[in-house]
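Overview (structure and organization)
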Amino acid sequence: MHLIDLRSDTVTRPTTAMREAMMMAEVGDDVYGDDPTVNTLQEFTANLLGFEAALFTCSGTQANFVALMAHCQRGDEYIVGQQAHTYRYEGGGAAVLGSIQPQPIEFTEDGTLDLDLVASKIKPDDIHFARTRLLCLENTQNGRFLPLEYLRQARDFSRSHSLKLHLDGARVFNAAVAQDIHVSEIAHHFDSVSVCLSKGLGAPIGSVLCGSTDFITRARRWRKVAGGGMRQAGILAAAGLFSLNHNVQRLAEDHANAHLLARGLQDLPQLTVRYEDNQTNMVFVTVADEDVTGLTERLRTENIIVSPGTQMRLVTHLDITTEDVESVIDVFHDHFR
Ligand SMILES: *Cc1c(COP(=O)(O)O)cnc(C)c1O
């Protein structure tokens, strides 16, 4: 049975070629630093993004967590978007486990954080306050890539306020491909960047955190503390290397499919479709309350899976073909006929 799963780009399954690369991977004990495939993945990713060093982690949450721990001490603070993954969707890990206080602020319409608002949240050096140390951005944010000019401003801003700048780049390759630029043009503005291999790139597991050698040394210690010191992890790193070597440029197909989906749905009066120029592989569709149950059930009978709710996020990825998108459009039209 062919499922069209639009819930997320995390649902992709490793292909036969990727599984073969995993099976053939040379391995060693990575806690000793002995796994050649993990080392290759880390060097490859660091070079690609333009950093000194990198660290393979089991998830994006873990990559962001160890980044926060390596940038901040107990009693420090990071400024972050209210809907950012590093604030809202990571179980409060930095606060729960690290005594690092988040200062969330609303995103602007385009997924950036207003730098004047950020400035107004930076605490003075005073015993009453946490020490503001770090600014976290997300790119893509809700599927939108951030303007390059904004990244330059954010970097200058962070330097002038002595803040470190971290990017949750779970989908940074989507951002680069959508703008037709090299990923390092985004990454070089940041002190650290986390990248997910298990989203649109199609690996089953894994993220990579990039930064300076010192920073990565501290992050490696925190990864061990978090229980993320994996042994013959080369089997997983091989999938990551495969994804970086084969699945980056093809993200453009996902963006084209998302665009096609948005255009196919936007003339239905029952829906409000959001897909702006800076969108990548996500289409946001608002469905009326009274329509949502019937629609979701109808889609399910056609083997199309979407997250429940009136705010639908439809995500294109490696396992969604253009024909799949066309049949999704047909089902929507038929349902609302
Ligand atoms: C998916 C995601 C992460 C990491 O999630 P994991 O499921 O822990 O790998 C981090 N940030 C963003 C924006 C994400 O979408």
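All figures in this text were calculated on a predicted structure; none of them were measured in a lab.

What about the pattern of salt bridges?
Using the criterion set out here, one finds 16 salt bridges in the structure. Linking Arg152 and Glu149 is a salt bridge whose minimum nitrogen-to-oxygen distance equals 2.7 Å. With a gap of three residues between them, Arg152 and Glu149 both fall in helix α7 (residues 148-160), about one helical turn apart. Residue class for Arg152 comes out partly exposed when judged on its relative accessible area of 34%. Of the residues examined, Glu149 reaches a relative accessible area of 40% and is grouped as partly exposed. The salt bridge partner of Glu253 is Arg250, with a shortest N-O separation of 4.0 Å. Through salt bridges with shared partners, a single ionic network connects Glu149, Arg152, Arg155 and Asp156.

Here's the deal with the environment of Asp156
Inspection of the secondary structure puts Asp156 in helix α7. Given the relative accessible area of 35%, Asp156 is considered partly exposed. Put simply, Asp156 and His189 are 33 residues apart on the chain and 8.8 Å apart in space, counted from C-alpha to C-alpha. At 3.4 Å, the side chain of Asp156 and the side chain of Arg155 are in polar contact.

Description of the sheet that holds strand β6 (residues 164-169)
Taken in spatial order, the seven strands make up an open sheet running β2-β8-β7-β6-β5-β3-β4, and their pairing is mixed. The open sheet has two edge strands, β2 (53-57) and β4 (101-105), and neither has a second partner. Taken pair by pair, the neighbouring strands of this sheet meet at an average axis angle of 20°, ignoring direction. Inspection of the sheet shows β6 paired to strand β7 (residues 192-196) by four bridges, in the parallel sense. Paired with Asp168 across the strands is Ser194, a residue of β7.

Some details on the domain arrangement of the chain
Annotation of the chain at the domain level lists domain 1 (13-246) and domain 2 (250-335). Taken together, the contact pairs 16 residues of domain 1 with 15 residues of domain 2. A buried area of about 1,300 Å², summed over both sides, lies between domain 1 and domain 2, and 53% of it is on carbon and sulfur atoms. In this assembly, domain 1 and domain 2 are joined by zero salt bridges.

Describing α7
The end-to-end C-alpha distance of α7, which contains 13 residues, comes to 19 Å, matching closely the 18 Å that a straight helix rising 1.5 Å per residue would cover. For α7, the set of buried residues is Tyr150, Leu151, Ala154, Arg155, Phe157 and Ser158. On an axial view of α7, the arc spanned by its buried residues comes to 165°, and they lie on one face. Within α7, the exposed residues directed more than 90 degrees away from the buried face are Arg159 and Ser160. In this structure, the buried residues of α7 make contact with α6 (115-121), β5 (131-138), β6 and α9 (183-187). Positive phi appears at Ser162, one or two residues downstream of α7, with a value of about 55°.

Conventions we followed
- Residues numbered from 1 in each chain as written.
- Predicted model: local features only at pLDDT ≥ 70, side-chain atom pairs only at ≥ 80, totals over all residues.
- Heavy atoms only, no water.
- Salt bridge = Lys/Arg side-chain N within 4 Å of Asp/Glu carboxyl O.
- Helix = DSSP H or I, 4+ residues; strand = E, 2+ residues; numbered from the N terminus.
- Buried < 20%, exposed > 50% of the residue type's maximum accessible area, 1.4 Å probe, protein only.
- Polar contact = N/O pair within 3.5 Å; in protein donor to acceptor, adjacent residues only side chain to side chain.
- Pairing = 2+ DSSP bridges.
- Axes fitted to C-alpha atoms, helices over the stretch in contact; angles between N-to-C directions.
- Domains from an automatic or database assignment.
- Contact = heavy atoms within 4.5 Å.
- Buried area = accessible area lost by both parts, 1.4 Å probe.
- Expected span 1.5 Å × (residues − 1).
- Arc of directions from axis to C-beta.

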